[in-house]
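Coordinate inspection notes
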Amino acid sequence: MLLNLSILDFVIVDKMSLDFKSGFSALTGETGAGKSILIDALSLALGQRNEGGVVRLHQDKADISAIFDIKHNQEVIDWLKENELESDGAELILRRVIHADGKSRAFINGKVATLQQLKELGESLVDIYSQNSHHSLLKLSAQRQILDNFGGHSDLAATTYQLYQAWHKLHVQKLEYEKNALIYSDELAELRDKLRELKQFSFTLSDWETLQQDHVMMSHGNELIEDVNLCIELLEKDETAISDRLHLVQQKISHALSIDEKLKESSDLIDSINIQIEELLRSLNRYLQKVDLDPERLKDIEARIQAIHNFGRKHRIKPEDFESTLLAWQARMDELESFESDDGIDAKEKLALEAFNISAQLLSKARKTASEILSQNITAAMQKLSFSHGSFEVKLTPQDPTAHGLEQIEFLVASHLGAEPRPIHKAASGGELSRLSLAIRVASISKANVPCMIFDEVDVGIGGSVAEIVGKLLKELGHHDQRQVLVITHLAQVASLAIHHYKVSKTQENNQTLSHIHLMDDKMRIDEIARMLGGVSITDTTRAHAKEMLQV
């Protein structure tokens with residue numbers, strides 16, 4: 001549920017913070033006052049792409065934050081946990097900062113996020129229905145999605161889609177294999193030879209690094225031994241050996257310590273230094289005893305390095321990529337061998353098709369049940385919206401298997417008694433489409449899991465008694481304790497039925513136009529409803545009518 005929306009320097013809003021509650025809320029105001037700014041700002045906070053020009057004039061950036069109560073939204077809680085973006089409390093904070101140059105940053109619970117992450121979260125938080133939403137309803141894909149969402153089998157539809165894609169991939173591979181069997185056979189033989197040759201190296205990246213290190217060491221063996229011997233001589237065997245001088249220092253400090261105990265730290269340090277020098281000498285002598293400069297071993301190392309480089313040049317592979325190449329070749333060889341085996345690609349394709357058919361048949365059954373209920377619900381909603389004898393049908397037409405199942409889904413409408421059900425775009429006029437769209441939306445989202453629904457002037461073209469029915473339908477939709485329905489409307493009949501009523505207004509300040517939104521009390525609502533009924537001039541009659549509508 002949306003708790004708060006804060007907007008800073010966005011279009012014509014300088015600073016705004018709005019608190020929201022559950023239930024049915026209306027947002028009204030004169031044309032051009034900025035009602036859609038709220039929707040635009042919230043959409044950006046939910047990951048919508050920035051089209052530019054949203055930062056208020058003479059400002060560097062716009063800042064939008066939306067706070068949601070998610071304690072009842074397990075889907076969002078799980079998503080946040082999976083993406084390590086959860087917070088300690090039950091609130092979710094989405095933030096979008098948009099700079100004047102068009103660049104933007106996104107945050108989830110104070111942590112940097114991507115727009116895709118905002119968008120993924122937004123799909124489980126808010127549904128926005130615009131006044132042109134009926135255009136999308138004309139698409140068969142949208143109609144299919146509405147039915148699947150209503151029936152609660154979107155996950156099954158997604159699984160069916162994935163199984164189809166898996167089968168289709170195998171089917172294409174099968175056709176390719178049958179067409180290019182000889183080419184694949186030659187490829188398989190070549191892969192076997194290359195893998196056999198590569199495996200002979202017993203190659204690992206760590207061994208390769210060690211091999212190169214050993215080669216560098218042995219190639220400079222004499223130089224190494226000379227350097228180590230010189231170090232030993234300087235430390236111990238030279239006339240001015242460091243160890244002798246340090247022992248002398250140790251004796252002198254020890255004598256001084258007997259006179260002044262403040263030299264204790266210096267004494268401890270020289271003792272430690274002498275111990276370290278002795279350990280260094282032992283380490284250097286051990287190195288000389290173990291160093292292996294066998295010329296034959298150097299030849300073996302150089303031969304192996306040369307063989308590895310030859311193989312890499314032959315197949316255009318860097319030694320560092322041998323291991324990943326081995327895995328890729330092995331996977332491809334396994335794939336080609338499986339095509340030739342008894343349970344090869346034919347068997348795999350058959351199993352994949354069976355899995356798809358099982359899922360698709362379950363989906364068809366679920367769609368049939370849901371289509372009957374949805375048809376009844378939308379028919380009932382239509383008849384409330386002055387389609388007194390109208391009817392609605394979700395038609396399922398069997399078709400060849402596709403990624404979307406075994407049937408085509410299409411919405412059919414009969415707008416009056418005796419009319420034959422026809423596709424929406426053929427059966428409804430422009431004015432009827434708005435009412436029909438609203439009927440479909442209200443009836444189909446009654447089971448929606450998304451807790452916040454925003455209707456942006458979906459009641460355009462509706463008036464009279466139908467407008468009151470629209471308001472009642474929207475109010476009914478918002479009855480759920482954990483659901484919000486926010487409606488931007490020009491209709492007094494709709495706004496008067498809202499539990500919470502916000503007004504948008506604009507002012508001229510410092511040669512700039514600024515938009516403001518505030519929650520109204522009962523007295524302010526009376527004036528606003530009267531304005532919506534009577535225009536600019538509010539009379540006692542319109543005010544009385546407004547009181548009657550608000551039942552104040």
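The structure contained in this document is the topic of the report that follows. (Residues numbered from 1 in each chain as written. Predicted model: local features only at pLDDT ≥ 70, side-chain atom pairs only at ≥ 80, totals over all residues. Heavy atoms only, no water.)

Remarks on the side chain of lysine 194
For clarity, the cut-off: Under the scheme used here, helices are H or I runs from DSSP no shorter than 4 residues and strands are E runs no shorter than 2 residues, and both carry numbers assigned from the N terminus. Contact between two residues is taken to exist if any of their heavy atoms lie within 4.5 Å; hydrogens are not considered.
With respect to the helices, strands and loops of the structure, lysine 194 is situated in helix H7 (residues 181-200). Residues contacting lysine 194, with those up to four places away along its chain left out, are Phe311, His315 and Trp329.

Let's talk about the sheet that holds strand S1 (residues 2-10)
We apply this condition: In this description, strands pair whenever DSSP reports at least two bridges between them. Axes, fitted as lines to C-alpha atoms, cover a helix only where it is in contact. Angles between the N-to-C directions of the axes lie from 0 to 180 degrees.
Taken together, six strands build an open sheet; the order of strands is S2-S1-S4-S5-S6-S7 and the sheet is antiparallel. One side of each edge strand has no neighbouring strand; the edge strands of this open sheet are strand S2 (13-19) and strand S7 (111-113). Averaged over all pairs of adjacent strands, the angle between strand axes in this sheet comes to 15°, irrespective of strand direction. Note that strand S5 (residues 91-99) and strand S6 (residues 104-108) share five bridges and pair antiparallel. In the strand pairing of S6, arginine 95 is matched with phenylalanine 107. On the sheet, helix H1 (residues 35-45) packs against S1, S2, strand S4 (61-69) and S5 and is oriented at approximately 100° with respect to S1.

Describing the packing of helix H8 (residues 205-219) against helix H12 (residues 295-315)
How two helices pack is summed up by the angle between their axes together with the distance between the axes. Spelled out, the test is: Orientation is classified from the angle alone, with under 35 degrees giving roughly parallel, over 145 giving roughly antiparallel, 65 to 115 giving roughly perpendicular, and any other angle giving oblique. Take the far helix as the reference: if the near one is turned anticlockwise from it by less than a right angle, the crossing is left-handed, and if turned clockwise, right-handed. Nonpolar residues are Ala, Val, Leu, Ile, Met, Phe, Trp, Tyr, Cys and Pro. Charged residues are Asp, Glu, Lys and Arg, and all others, Gly as well, are polar.
Contact pair H8 / H12: the axes reach a minimum separation of 10 Å and the direction vectors enclose 135°. Relative to H12, the element H8 is oriented oblique. Classified by chirality, the crossing of H12 by H8 is left-handed. Contact residues: H8 offers Trp208, Leu211, Asp214, His215, Met218 and Ser219, while H12 offers Arg297, Leu298, Ile301, Glu302, Arg304, Ile305, Ile308 and His309. Counted by class, the contact of H8 with H12 contains seven nonpolar, three polar and four charged residues.

What about the nonpolar core?
The line we're drawing: In this description, a nonpolar core means a group of buried Ala, Val, Leu, Ile, Met, Phe, Trp, Tyr and Cys residues linked to one another through side-chain atoms lying within 4.5 Å. Accessibility here uses a 1.4 Å probe with only protein chains present; expressed as a share of the type maximum, an area under 20% marks a residue as buried, one over 50% as exposed, and anything in between as partly exposed.
The biggest cluster of nonpolar side chains holds 54 residues, and the ones touching the most others in it are Ile440 and Phe455. Not counting residues up to four positions away in its chain, the partners in contact with phenylalanine 455 are Tyr129, Leu438, Arg441, Ile445, Leu474, Leu477, Val485, Leu486, Val487 and Ile488.

With respect to the sheet that holds strand S10 (residues 405-414)
Taken in spatial order, the three strands of this open sheet run S9-S10-S11, and their pairing is antiparallel. Here the strands that pair on one side only, and so sit at the sheet edges, are strand S9 (391-402) and strand S11 (422-423). In the sheet, S10 pairs with S11 via two bridges, with the strands oriented antiparallel. Within the sheet, the bridge partner assigned to valine 413 lies in S11 and is arginine 422.

Some words on a nonpolar patch on the surface
Filter applied, for reference: Put simply, a patch holds well-exposed residues, over 30% relative accessible area, that have no salt bridge, with like charges counted together within 9 Å and Val, Leu, Ile, Met, Phe, Trp or Tyr side chains within 5 Å. Per-residue and other accessible areas follow the Shrake-Rupley method at a 1.4 Å probe size, with only the shown protein chains counted as cover for residues. Salt bridges are counted wherever a side-chain nitrogen of Lys or Arg sits within 4 Å of a carboxyl oxygen of Asp or Glu.
Residues Leu230, Leu234 and Ile242 make up a contiguous nonpolar surface patch of about 250 Å² in total accessible area. Relative to the helices and strands, isoleucine 242 is located in helix H10 (residues 242-259). Overall, the relative accessible area of 39% leaves isoleucine 242 in the partly exposed class.

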